[in-house]
Amino acid sequence: MPPPAQQSNSLPHWNIPNFVLRVEDLDHEGATIFLDNVKPKEALKLAVEASYTWLYTPLTAPKHVKTITLVLRSFDGVAYTFGTHVDKEIHLSLDYVVGSAPRVKDEIEGVLVHEVVHCYQYNALNTCPGGLIEGIADFVRLNAGYVPPHWKPTGGDKWDKGYDTTAYFLNWIERRCGRGAVRRLNAFLKDRKYDTKIFLAVAGDSVDVLWNTYCQELKEQYEQKGLV
Ligand SMILES: [Zn+2]
């Protein structure tokens, strides 16, 4: 058999894993809502591509994930991800699907982007603060265009509160330092322990100075709009 044709250099060739869908209760209302509104293969592929696009280049993209299994079942909460280096499993709550009904497609696709990022992001040998892990996942969700209505940049006491709070901060760093800043932060989390100096290396200031500057800018913006 001849070797496969070379991929064009103009389009990134991302390594897409096998996807498996397991529905544990087809009688659950959430199963019907999910299957009527979400195309699981397309949603997972989009989520993998978003993870690659915002955290890697075609040269650095990890290829270790072979299978992502999406499990739909009833439990309290939203979703979580676990697995081996090679095989990942995302559990999504059917009850949460029911609760997302008015905007279920956008919400579930956004949740899947967040969970799939966990399959690909680095974690500094498990020493990365959870808030940064969750912030990076929501940074990708934000940039993939899945912003839930309740999200807004808020600032606050802690840069590593996680989720949308940290995601908007990372997005501000990305705009300030240029495309690829969060990709470089993620790269610093590969095969070494976490050190806050990664912010100095990527963004030229300590994370505390960056956070204070960001919060000050937010405050001024809200004041200009008369929102405070
Ligand atoms: Zn998460």
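The structure this text deals with has already been given above.
What counts and how
Residues numbered from 1 in each chain as written. Predicted model: local features only at pLDDT ≥ 70, side-chain atom pairs only at ≥ 80, totals over all residues. Heavy atoms only, no water. Helix = DSSP H or I, 4+ residues; strand = E, 2+ residues; numbered from the N terminus. Rg over C-alpha atoms; globule rule 2.2 N^0.38 Å. Buried < 20%, exposed > 50% of the residue type's maximum accessible area, 1.4 Å probe, protein only. Contact = heavy atoms within 4.5 Å. Areas by Shrake-Rupley, 256 points an atom, 1.4 Å probe, with all protein chains shown as cover. Lys, Arg positive; Asp, Glu negative; His and termini not counted. Charge placed at Lys NZ, Arg CZ, Asp CG, Glu CD. Donors = N, O, S within 2.8 Å, 3.2 Å for Na, K, Ca; no water. Pairing = 2+ DSSP bridges. Axes fitted to C-alpha atoms, helices over the stretch in contact; angles between N-to-C directions. Core = buried A, V, L, I, M, F, W, Y, C linked by side-chain atoms within 4.5 Å. Parallel < 35°, antiparallel > 145°, perpendicular 65-115°, else oblique. Nonpolar A, V, L, I, M, F, W, Y, C, P; charged D, E, K, R; others polar. Arc of directions from axis to C-beta.

> What exactly am I supposed to notice about the overall build of the protein here?
Across its full length, the protein holds nine helices and four strands. Along the protein, helices and strands appear, N-terminal first, in the series β-α-α-β-β-β-α-α-α-α-α-α-α. Taken over C-alpha atoms, the radius of gyration comes to 19 Å for the protein, in line with the 17 Å a tight globule of 228 residues would show. Across its three principal axes, the protein shows a C-alpha extent of roughly 50 × 50 × 35 Å. Taking all 228 residues of the protein together, the buried fraction comes to 46%. A sequence separation of at least 24 residues applies to 65% of the contacts in the protein between residues at least 6 apart. As displayed, the protein offers around 12100 Å² of accessible surface, 52% of which is attributable to carbon and sulfur atoms. Placing the 25 positive and 28 negative side-chain charges of the protein at their respective mean positions leaves the two points 8 Å apart.

> Help me understand the coordination of the zinc ion in this model?
Put simply, a metal with four donors set out as a tetrahedron has ideal angles of 109.5 degrees, and one with six donors set out as an octahedron has ideal angles of 90 or 180 degrees. Taken together, H114 (NE2), H118 (NE2) and E134 (OE) make up the protein donors of the zinc ion, found 2.0 to 2.1 Å from the metal. Mapping the donors of the zinc ion onto the primary sequence yields the spacing H-x3-H-x15-E. In this pair, H114 sits in helix α4 (residues 104-120) while E134 sits in helix α5 (residues 130-143), placing the two residues 20 residues apart along the sequence.

> Please clarify how the sheet that holds strand β3 (residues 79-83) should be interpreted in this entry.
Backbone hydrogen bonds hold the strands of a sheet together, and the pairing may be parallel or antiparallel. In space, the four strands of this open sheet follow the order β1-β2-β4-β3, with mixed pairing throughout. Looking at the sheet topology across the chains shown, the edges are occupied by β1 (18-23) and β3. Within the sheet, the average angular offset between the axes of one strand and its neighbour, ignoring direction, is 20 degrees. By the bridge criterion, five bridges tie β3 to strand β4 (residues 87-93) in an arrangement that is antiparallel. Across the sheet, the residue bridging to T81 is I90, located in β4.

> Would you mind showing me how to read the pairing of β4 here?
For a regular strand, side-chain orientation follows a simple rule: the groups alternate between the two sheet faces. Counting buried residues in β4 gives six out of seven residues, a clear majority hidden from the surface. Bridge count between strand β2 (residues 67-73) and β4: seven bridges; the pairing is parallel. Directly across from R73, in β4, lies its bridge partner S93.

> Looking at this structure, how should I read the nonpolar core?
Taken as a class, soluble globular proteins show a tendency for nonpolar side chains to be buried jointly. Ranked by internal contacts, the top residues of the largest apolar core, which has 68 residues, are L132, F169 and F199. Looking at this core element by element, the count peaks at nine residues for α4. Leaving out residues up to four positions away in the same chain, F199 has contacts with L132, W159, F169, L170, I173, L185, Y194, G204, D205, V207 and L210.

> Explanation requested: the packing of helix α2 (residues 40-55) against α5 in the structure shown.
A pair of packed helices can be characterised by two numbers: the angle between their axes and the separation between those axes. Axis separation between α2 and α5 bottoms out at 10 Å; the angle between their running directions is 105 degrees. When the axis of α2 is compared with that of α5, the two are roughly perpendicular. Side by side, α2 and α5 meet where A50, S51, W54 and L55 of the first sit next to I136, F139, V140 and N143 of the second. For the contact of α2 with α5, the residue count by class is six nonpolar, two polar and no charged.

> Looking at this model, I keep getting lost on helix α7 (residues 181-188). Mind explaining?
The periodicity of an α-helix, 3.6 residues per turn, causes residues three or four places apart in sequence to face the same way. Of the residues making up α7, those classed as buried are A181, V182, L185 and N186. Burial along α7 is one-sided: seen end-on, the buried residues are contained in an arc of 140 degrees. Each element contacted by the buried residues of α7 is listed here: α2, α5, α6 (163-177) and α8 (197-203).

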